[in-house]
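Single-letter residue listing:
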Amino acid sequence: MKRIRKAVIPVAGMGTRFLPATKAIPKEMLTIVDRPTIQYIVEEVVASGIEEVILITSEGKSAIENHFDYDFQLDTVLKQKKKRALRDELSKISSLIDIVSVRQKEPLGLGHAIWMARNVVGNEPFLVLLGDDLVRSKKPCCRQMIDLYNQVSESIVAIQRVPRDQTYQYGIIEGEETELDRTFKVKRMVEKPAPGTSNSDMAIIGRYLLMPEIFDFLGTTTPGHGGEIQLTDALLALSNKRGMYAYEFEGKRYDAGDKLGYLKAIVDIALDHPGLGASFREHLQAVCADKDCACS
Ligand code: G1P
């Protein structure tokens, strides 16, 4: 069985849900407390034992590459100013993991973005993480998936239960329980089913562990939902051919690509922050005690 060594992170999307904030900066660089969203994603990958990240980028996304790069000029200035702690912090970020970038030249969909990684991934299973989905958990979500892969040796999609009236926002799977904890055998899968048309509440979240055969299907997948080449359509084809598992991961997921989800992530992460948590909690309590506050 081949080890999981690589993770693909598509970051080519335009971030229209966050305009105007994302007009001039990538949405992946929006800050959650003290670091950009993309850093949380890369940190999950690193904590899961992955060796290489493949970013699928587009024009205007160089800030992401720069964030993980070594900045000689900045380091020299910080050195002169004797800012040791800051230098250490920045050096940690630039040596987190090897990062390779591939350009997606046209916005043809998530499936097409992943297909762009085929030559760099090669013939081995790999992870995909979507930058909008932040997961907080004791054991990193990707590590949970790799541990399951070590038992089932097949592709896995991470899922969570969502309210029925929200299924139209997700790829939805139907599956059968297996004897493994929180694990289902995928039977059917549909990208963003029209409201009221789905029998399942099992939504795919942005974590996938995929066998390299997915590239064969991505190469022939025709545009689907929204006129885009959908990863979900290729996943269904792969699942029909060789099987696939759905795993109800342990942890909390935030849709950081949505304004409310982004705020929730900020609040929860700030409350747990070693330097800020206590004061932030006091502030929230004061806000709630204010009789003008809607929640009191
Ligand atoms: C993508 C996938 C969808 C999945 C979702 C999770 O959709 O296509 O299957 O459920 O991510 O966040 P997007 O939210 O990018 O439209």
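Look above for the structure.
Some points on the pairing of strand S6 (residues 126-129)
Logical step 1: The alternating pattern of S6 places Phe126 and Val128 and Leu127 and Leu129 on opposite faces, both of which are buried.
Logical step 2: As paired elements, strand S1 (residues 6-10) and S6 share two bridges and run parallel to each other. Bridge pairing links Ala7 to Leu127 in S6.
Logical step 3: The pairing of S6 with strand S11 (residues 202-210) spans four bridges and is classified as antiparallel. Residue pairing in the sheet places Val128 in a bridge with Tyr208 of S11.

Looking at the nonpolar core
Logical step 1: Counting 44 residues, the largest nonpolar core has Ile9, Leu127, Leu134 and Ile156 as its most contacted members.
Logical step 2: In this structure, Leu134 is in contact with Ile32, Thr37, Tyr40, Ile41, Arg207, Lys252, Arg253, Tyr254, Ala256, Ala265 and Ile269, ignoring residues within four places of it in sequence.

Considerations on the site of the ligand
Logical step 1: Looking at the ligand, there are 14 residues lining it, with Asp133, Gly171, Glu191, Lys192 and Ile204 nearest.
Logical step 2: Between the ligand and Ile204 there is a distance of 2.6 Å, counted from an oxygen atom to a backbone nitrogen or oxygen.
Logical step 3: Take Thr232: an N or O atom from its side chain is 3.4 Å from an oxygen atom of the ligand.
Logical step 4: Across the complex, the protein chains shield 77% of the 380 Å² of accessible surface that the ligand would expose by itself.
Logical step 5: Residues belonging to the shell around the ligand are distributed by class as follows: six nonpolar, four polar and four charged.

Some thoughts on the layout of surface pockets
Logical step 1: Empty space within the second largest pocket amounts to approximately 370 Å³.
Logical step 2: Lining the second largest pocket are 16 residues, with Arg35, Tyr40, Glu43, Arg136 and Ile269 sitting closest to its centre.
Logical step 3: Contributions of two or more residues to the lining of the second largest pocket are made by helix H1 (37-47) and strand S7 (133-136).
Logical step 4: Looking at the lining of the second largest pocket, the element that brings in the most residues is H1, giving four residues.
Logical step 5: Here the lining of the second largest pocket is built from residues that sort into seven nonpolar, two polar and seven charged.

Remarks on the environment of Arg242
Logical step 1: Here Arg242 lies in helix H9 (residues 231-242).
Logical step 2: Residue classification places Arg242 among the partly exposed positions, given a relative accessible area of 30%.
Logical step 3: Sequence separation of Arg242 and Ile172 is 70 residues, and the distance between their C-alpha atoms is 19 Å.
Logical step 4: Once residues within four sequence positions are removed from consideration, Arg242 is found in contact with Ser153, Glu154, Met211 and Glu213.
Logical step 5: There is a polar contact of 3.1 Å between the side chain of Arg242 and the side chain of Glu213.

Digging into the packing of helix H10 (residues 259-271) against helix H11 (residues 277-289)
Logical step 1: Here H10 crosses H11 at 125°, and the two axes come no closer than 7 Å. Judged on the interaxial angle alone, H11 and H10 are oblique. Contacts between H10 and H11 involve Val267, Ala270 and Leu271 from the first element and Gly277, Phe280, Arg281 and Leu284 from the second.
Logical step 2: Split into classes, the residues belonging to the contact of H10 with H11 amount to five nonpolar, one polar and one charged.

Looking at unusual backbone geometry
Logical step 1: Across the junction of Leu19 and Pro20, the peptide omega takes the value 5°, indicating a cis bond.
Logical step 2: Mapping Pro20 onto the fold places it in the loop between S1 and strand S2 (31-32).
Logical step 3: Unusually for a residue other than glycine, Arg182 sits at a positive phi of about 60°.
Logical step 4: Along the chain, the position of Arg182 falls in the loop between strand S9 (171-177) and strand S10 (183-191).
Logical step 5: Given a relative accessible area of 30%, Arg182 falls into the partly exposed group.
Logical step 6: A positive phi is found at Lys192, a non-glycine position, where the angle reads about 45°.
Logical step 7: With respect to the secondary-structure elements, Lys192 resides in the loop between S10 and S11.
Logical step 8: The exposure class of Lys192 is partly exposed, given its relative accessible area of 29%.

What counts and how
Residues numbered from 1 in each chain as written. Predicted model: local features only at pLDDT ≥ 70, side-chain atom pairs only at ≥ 80, totals over all residues. Heavy atoms only, no water. Buried < 20%, exposed > 50% of the residue type's maximum accessible area, 1.4 Å probe, protein only. Helix = DSSP H or I, 4+ residues; strand = E, 2+ residues; numbered from the N terminus. Pairing = 2+ DSSP bridges. Core = buried A, V, L, I, M, F, W, Y, C linked by side-chain atoms within 4.5 Å. Contact = heavy atoms within 4.5 Å. Near = heavy atom within 4 Å. Polar contact = N/O pair within 3.5 Å; in protein donor to acceptor, adjacent residues only side chain to side chain. Areas by Shrake-Rupley, 256 points an atom, 1.4 Å probe, with all protein chains shown as cover. Nonpolar A, V, L, I, M, F, W, Y, C, P; charged D, E, K, R; others polar. 1 Å grid on protein atoms, 1.4 Å probe; cavity = no way out; pocket = protein on both sides within 12 Å on 5 of 7 lines; lining within 4 Å. Points joined across faces, edges and corners; volume = space filled by probe spheres on them. Axes fitted to C-alpha atoms, helices over the stretch in contact; angles between N-to-C directions. Parallel < 35°, antiparallel > 145°, perpendicular 65-115°, else oblique.

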